[in-house]
Amino acid sequence: MDTPLINDLNICVATENGSGSASSNNILFKAIFKMGIPCSSKNMFPSNIQGLPTWYQIRASADGYLSRKDVIDVMVMFNDATAAKDIYRVRDGGLILFDDSTPLPAALKRDGVQYVGFPANKLVAKLVPASPLRAKQRNMVYVGALAYLFGIDMSVIKDVLEDTFGKKPAVIESNLICIDAGYQYCKEQNFKQSIARLETIPGGNKGKIITEGNTAAALGAIYGGASVICWYPITPSSSLAESLEYYLPRLRKPKDGKKTYAIVQAEDEIASVGMIVGAGWAGARSMTSTSGPGLSLMNESIGLAYYAEIPCVFFIIQRGGPSTGLPTRTQQADISLMYGASHGDTRHVILIPHDMNSCFDFARQSFNFADRFQTPVFVAMDLDLGMNLWPSEPLKLNESSFDFGKRLSAEQLDEWTKSGKKFRRYFDQDGDGIPYRTVPGNQNRMASYFTRGSGHDADAKYSEDEHDYKYILDRLRKKFDTARKFVPKPIIEKEKGVKTGIICYGSSYESVREARDRLKTRGLKTNHMLIRALPLTAEVMEFLAEHDTIYLVEQNRDAQVAAIIKDENPSLGAKVTSILVYNGLPITPGEVVKQIFEAAQTAKTA
């Protein structure tokens, strides 16, 4: 038999949505994490509530890679509807784990893989009384089978059960009995496999946590001072608002018996955006969370906030489109929509996190940016980042105070009046494009102004004069250009003499990190730039200028960030070759490597 790899394994569990497999899959993943092994998980689930297929992949990587693996080593075949295809998703030499309570049909037998059967239905029927719970606890049997086959410590599984169901000893016991049944059956049958072994790494994952991007972003919003949250449920953003509902009462205690925040589930996305624009105008730190279809409905009010210069924050968790598209699959296809949201000439600040700490930190910073630039700010995430569990260093709260920008108090207006200075709401006093503002409640008689979404001049007076209109639009553009100096700069990794660069953003980072290692072993050294915000900073153009060949990895069809680069600097943009993956699944390093070599070969023969 072949020598098994140590801590290098990709397991895919194929089940039916609504079958209760989420609990068993999470227990399996958390047990591997608790053993100190670097690991990640990807949940590919359907958009209906129950009945359609779902696949859950767990990757253990001794090298610490967290992207979706190119191949499946082990398939837990627990969905009859997809079994005929699932047997071919496994790599040659892989393993198929199945329930042999009934004989395996000949059509599901494939050469080149190992089959391990165990009677999950029969085992659970002996252990669990007839009830809806029995079908769900059947999934726990494959947890035990996998634990035996690959060396997952049963004591660790018990610890995970206690962490998960700490106050429900009966639930812990019933699940553990089913898991142990799968373990003991495989042990009695003396099943063997030579693919991999999972071995505890002492001190591995020490200090790390497991979380999802939506939770990290919700916590960041709380620490960023979010006080008005208005939202309407839509996959995959709902869990961000739900996390806010869970954590706000725990982290922000009432003052004098009164809450210092408001969470409103609005009747639709149009109502929710109207509420946060109103709250932002009133001086609150306001936000919503949504996805592409919700963002489409919000465009008119986003234009109002941009033109009237009202701060507010939009968390956009991207999914597959157009239209309803693939609501439970991942994509980076709303960048263009965010960047130019609303009609007319608009440009918006976008923060683009790539891991759990940047989800937290950019969420926190987004409110400072919104206040500083008096504008809507977008935090661009996606389903892979937002809804999948990721290992992470503890979320770091970098010390910084709230920055309310050019917000004038009554006392400051008094000083202005004494010095002969006049408050003009939409006038550029400092040459950076950012005007000064006041908020309701300011007692100074000079603080008031009229807010409108129609034409206005620098004094906030109604105007359709062509010079006034152009002045406002030009100043808004200048403000946007000022933002280039303040938004998060890209992270750049480079070696002297390397002339090939790879650019990516968001959740593509982990796949690109692994792809670069593979390219290096095949003789292609690359430098790397992770874009973290729009507008593009000077460092982006410098990176382009320093390299002869640039590959830009995006999870969309139309190369949306590449188009922005080419629009801003056509000569440098001409260097960019797009690497595009848009099948709705989390991107793999193999897809990146394959397209880069194909593009390089095409360039040679051109």
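Look up a bit, the structure's there.
Residues numbered from 1 in each chain as written. Predicted model: local features only at pLDDT ≥ 70, side-chain atom pairs only at ≥ 80, totals over all residues. Heavy atoms only, no water.

**Quick word on the overall build of the protein chain**
Then, number 1: Broken down by element type, the protein chain carries 21 helices and 23 strands.
Then, number 2: Overall size of the protein chain, expressed as C-alpha extent along the three principal axes, is 90 × 70 × 45 Å.
Then, number 3: Counting the 606 residues in the protein chain, one finds 56% classified as buried.
Then, number 4: For the protein chain, restricting intrachain contacts to residue pairs at least 6 apart in sequence, the fraction spanning at least 24 positions comes to 75%.
Then, number 5: As displayed, the protein chain offers around 25800 Å² of accessible surface, 52% of which is attributable to carbon and sulfur atoms. (Helix = DSSP H or I, 4+ residues; strand = E, 2+ residues; numbered from the N terminus. Buried < 20%, exposed > 50% of the residue type's maximum accessible area, 1.4 Å probe, protein only. Contact = heavy atoms within 4.5 Å. Areas by Shrake-Rupley, 256 points an atom, 1.4 Å probe, with all protein chains shown as cover.)

**Description of helix 3 (residues 120–127)**
Then, number 1: Within helix 3 the residues assigned to the buried category are Ala120, Leu123 and Val124. The buried residues of helix 3 occupy an angular sector of 90 degrees when projected down its axis, which confines them to one face.
Then, number 2: Along its buried surface, helix 3 packs onto strand 6 (90–99), strand 7 (114–118), helix 4 (132–150) and helix 6 (169–188). (Arc of directions from axis to C-beta.)

**Points about the packing of aromatic side chains**
Then, number 1: Taken as a whole and assessed by the stated rule, the structure comprises 16 aromatic pairs.
Then, number 2: A cation over an aromatic ring shows up here: Arg407 above the ring of Phe404, its NZ or CZ 4.5 Å from the ring centre. (Phe/Tyr/Trp six-rings, centres within 6.5 Å; stacked < 30°, edge-to-face > 60°. Lys NZ or Arg CZ within 6 Å of the ring centre and 35° of its normal.)

**Let's talk about the nonpolar core**
Then, number 1: Core analysis: the biggest nonpolar cluster contains 54 residues, and Leu97, Phe118, Leu146, Ile152, Ile157 and Leu198 have the highest contact counts within it.
Then, number 2: Excluding anything up to four places from it in sequence, Ile157 contacts Ile27, Ala31, Val143, Ala147, Ile152 and Ile179.
Then, number 3: Counting 50 residues, the second-largest nonpolar core is a separate cluster that includes Met298, Tyr505, Val540 and Leu572. (Core = buried A, V, L, I, M, F, W, Y, C linked by side-chain atoms within 4.5 Å.)

**Some remarks on the side chain of Ser511**
Then, number 1: With respect to the secondary-structure elements, Ser511 resides in helix 17 (residues 509–521).
Then, number 2: Judged by relative accessible area, which is 1%, Ser511 ranks as buried.
Then, number 3: The residues touching Ser511, leaving out its near neighbours within four places in the chain, are Ser67, Ile587, Thr588 and Pro589.

**Looking at the environment of Val171**
Then, number 1: One can find Val171 in helix 6.
Then, number 2: For Val171, a relative accessible area of 28% puts it in the partly exposed group.
Then, number 3: In this structure the C-alpha to C-alpha distance between Val171 and Gly20, which are 151 residues apart in sequence, comes to 14 Å.

**Here's the deal with the packing of helix 4 against helix 6**
Then, number 1: Running from amino to carboxyl end, helix 4 crosses helix 6 at an angle of 45 degrees, the nearest separation of the two axes being 7 Å. Put simply, helix 4 runs oblique to helix 6. Relative to helix 6, the crossing made by helix 4 is right-handed. Note on element contacts: helix 6 touches helix 4 through Ser174, Asn175, Cys178, Ile179, Gly182, Tyr183, Cys186 and Lys187, opposite Gln137, Met140, Val141, Val143, Gly144, Ala145, Ala147 and Tyr148.
Then, number 2: Split by residue class, the contact of helix 4 with helix 6 holds 10 nonpolar, five polar and one charged. (Axes fitted to C-alpha atoms, helices over the stretch in contact; angles between N-to-C directions. Parallel < 35°, antiparallel > 145°, perpendicular 65-115°, else oblique. Left-handed = near helix turned anticlockwise from the far one by under 90°. Nonpolar A, V, L, I, M, F, W, Y, C, P; charged D, E, K, R; others polar.)

**Some points on the sheet that holds strand 2 (residues 8–16)**
Then, number 1: Spatially, six strands are ordered 3-4-2-5-6-7 in an open sheet, and the strand pairing comes out mixed. Lying at the two open borders of the sheet, with one neighbouring strand each, are strand 3 (39–44) and strand 7. Here the average twist between neighbouring strands, direction ignored, is 15 degrees.
Then, number 2: For strand 2 and strand 4 (residues 53–61), the ladder comprises nine bridges, and the chain directions are antiparallel. Within the sheet, the bridge partner assigned to Glu16 lies in strand 4 and is Pro53. (Pairing = 2+ DSSP bridges.)

Geometric descriptors of this kind do not, in isolation, establish any biological role.
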